[in-house]
Amino acid sequence: DVKVTQSSRYLVKRTGEKVFLECVQDMDHENMFWYRQDPGLGLRLIYFSYDVKMKEKGDIPEGYSVSREKKERFSLILESASTNQTSMYLCASSLQDSINEQFFGPGTRLTVL
Amino acid sequence: AQRVTQPEKLLSVFKGAPVELKCNYSYSGSPELFWYVQYSRQRLQLLLRHISRESIKGFTADLNKGETSFHLKKPFAQEEDSAMYYCALRPPGGTSYGKLTFGQGTILTVHP
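Attention here is on the structure that accompanies the text. Each residue is numbered by its place in its chain's sequence as written, counting from 1. Here every chain gets a letter starting at A, and every ligand a number starting at 1, in the order they are written. The predicted origin of the model limits local features to residues at a pLDDT of at least 70 and limits the giving and counting of side-chain atom pairs to 80 or more, whereas totals for whole chains, interfaces and linings rest on all residues. The basis for every side-chain value is the complete set of non-hydrogen atoms in the structure, without hydrogens or water.

### Remarks on the pairing of strand S11 (residues 106–111) of chain B
All names here are of chain B.
Next, step 1: For every residue, the accessible area obtained with a 1.4 Å probe (protein chains only) is divided by the maximum for its type, and the residue is called buried under 20%, exposed over 50%, and partly exposed between those limits. Each helix is a run of H or I in the DSSP string that is no shorter than four residues. Each strand is a run of E no shorter than two, and both are numbered from the N terminus. The alternating pattern of S11 places Thr-106, Leu-108 and Val-110 on a buried face, while none of Ile-107, Thr-109 and His-111, on the opposite face, is buried.
Next, step 2: Pairing of strand S2 (residues 10–14) with S11, which is carried by 5 bridges, proceeds in the parallel orientation. Note on S11: the bridge partner recorded for Phe-14 is His-111.
Next, step 3: Between any two strands, pairing holds if DSSP finds at least two bridges. Bridge count for strand S9 (residues 83–90) against S11 is 3 bridges, and the pairing is antiparallel. Within S11, the residue paired with Met-84 across the bridge is Ile-107.

### Here's the deal with the sheet that holds strand S8 (residues 73–78) of chain A
Residues and elements named next belong to chain A.
Next, step 1: Pairing within the open sheet is antiparallel, and its 4 strands lie in the order S1-S3-S8-S7. Bordering the open sheet on either side are strand S1 (4–6) and strand S7 (65–70), each of which pairs with just one other strand. On average, adjacent strands in this sheet sit at an angle of 20° to one another, irrespective of strand direction.
Next, step 2: Where S1 meets strand S3 (residues 19–25), 3 bridges bridge the pair, whose relative direction is antiparallel. Each residue of the ladder has a partner; that of Gln-6, found in S3, is Cys-23. Note on definitions: angles span 0 to 180 degrees between N-to-C directions of axes, and those axes are lines fitted to C-alpha atoms, for helices only across the stretch in contact.

### Describing the packing of aromatic side chains
Residues and elements named next belong to chain A.
Next, step 1: Within 6.5 Å between ring centres, the rings of Phe, Tyr and Trp (the latter by its six-membered ring) count as paired, and their orientation is classed by plane angle as stacked under 30 degrees, edge-to-face over 60, tilted in between. Applying the stated criterion across every chain yields a total of 11 aromatic pairs over all chains.
Next, step 2: Judged by centre distance (6.2 Å) and plane angle (25°), the ring pair of Phe-33 and Tyr-35 falls under stacked.
Next, step 3: You can call Tyr-35 buried: its relative accessible area is 0%.
Next, step 4: A ring pair is formed by Tyr-35 and Phe-104, whose centres lie 5.8 Å apart and whose planes are at 35°; its orientation type is tilted.

### Section: the nonpolar core
Where a protein is soluble and globular, its nonpolar side chains tend to be buried together.
Residue and element names in this part refer to chain B.
Next, step 1: By size, the foremost hydrophobic cluster in this structure holds 24 residues, and its most contacted members are Trp-35, Leu-72 and Tyr-85.
Next, step 2: Elements with a minimum of two residues in this core: S2, strand S3 (19–21), strand S5 (32–38), strand S6 (45–49), strand S8 (69–74), S9 and S11.
Next, step 3: In what follows, a contact means two residues having at least one pair of non-hydrogen atoms within 4.5 Å. With near-sequence residues (within four places) excluded, Leu-72 lies in contact with Val-19, Glu-20, Leu-21, Trp-35, Leu-47, Leu-48, Phe-59, Thr-60, Ala-61 and Tyr-85. We define a nonpolar core as any set of buried Ala, Val, Leu, Ile, Met, Phe, Trp, Tyr and Cys residues linked to one another through side-chain atoms lying within 4.5 Å.

### Things to note about the state of the cysteines
All names here are of chain B.
Next, step 1: Cysteine sulfur atoms are paired as a disulfide whenever they fall within 2.5 Å. Within the structure shown, the criterion is met by 2 disulfides over all chains.
Next, step 2: There is a disulfide in this structure between Cys-23 and Cys-87, and the S-S distance comes to 2.0 Å. Across the disulfide from Cys-23 to Cys-87, rotation about the S-S bond amounts to roughly -65°, and the bridge is consequently left-handed. You can see Cys-23 sitting in the loop between S3 and strand S4 (24–26) and its partner Cys-87 sitting in strand S9, a full 64 residues away along the chain.
Next, step 3: Cys-23 sits in the buried class, given a relative accessible area of 0%.

What is shown is where atoms sit, not what they do.
Right, dumping it as structure tokens:
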């Protein structure tokens, strides 16, 4: 069974804190993605990675960074959390071939106070 | 730049009625189009893709290149169809790394 897991379902942090969101997939997928999901705005791509140590900016990378040291793990980092980063964060993965579907994790709801 | 527009944030129908969720896209070329669905307390998952020309759970979607639309249709809605639906676009070929551009989403509610 295909599995993408995220380290936390709910997270509450304070403004200015450094926040780590972890995503792990067990499908040996090359591509991994981080999105944020906001009502009325849909899913917006923050960063993606197509290989270990490789990363590309998505549509809204400001205020975020990522790390991919191992193929199965893709981390999203908020260097200094702000209230406008309160959102639902979704991780996804897919095989390298672009025709393949993306598989999503359950999401992490982050609240920044 | 590519864009996907879902004009309806909310859509309500009664059980047994036909339903159509609208999706319009902007892309200079022949993209791949998808519908993803998120049921309550479940993760986002692929519903169908245009290249497969398949019917999933009674839903179909036809790509209209002239109108740049990819509307999702079902002739008889069921209560279990209530969910958030996202239309998504992916550029063709291998250079996109599978990146998707999503629409804003439509919440479908099917009343008994």
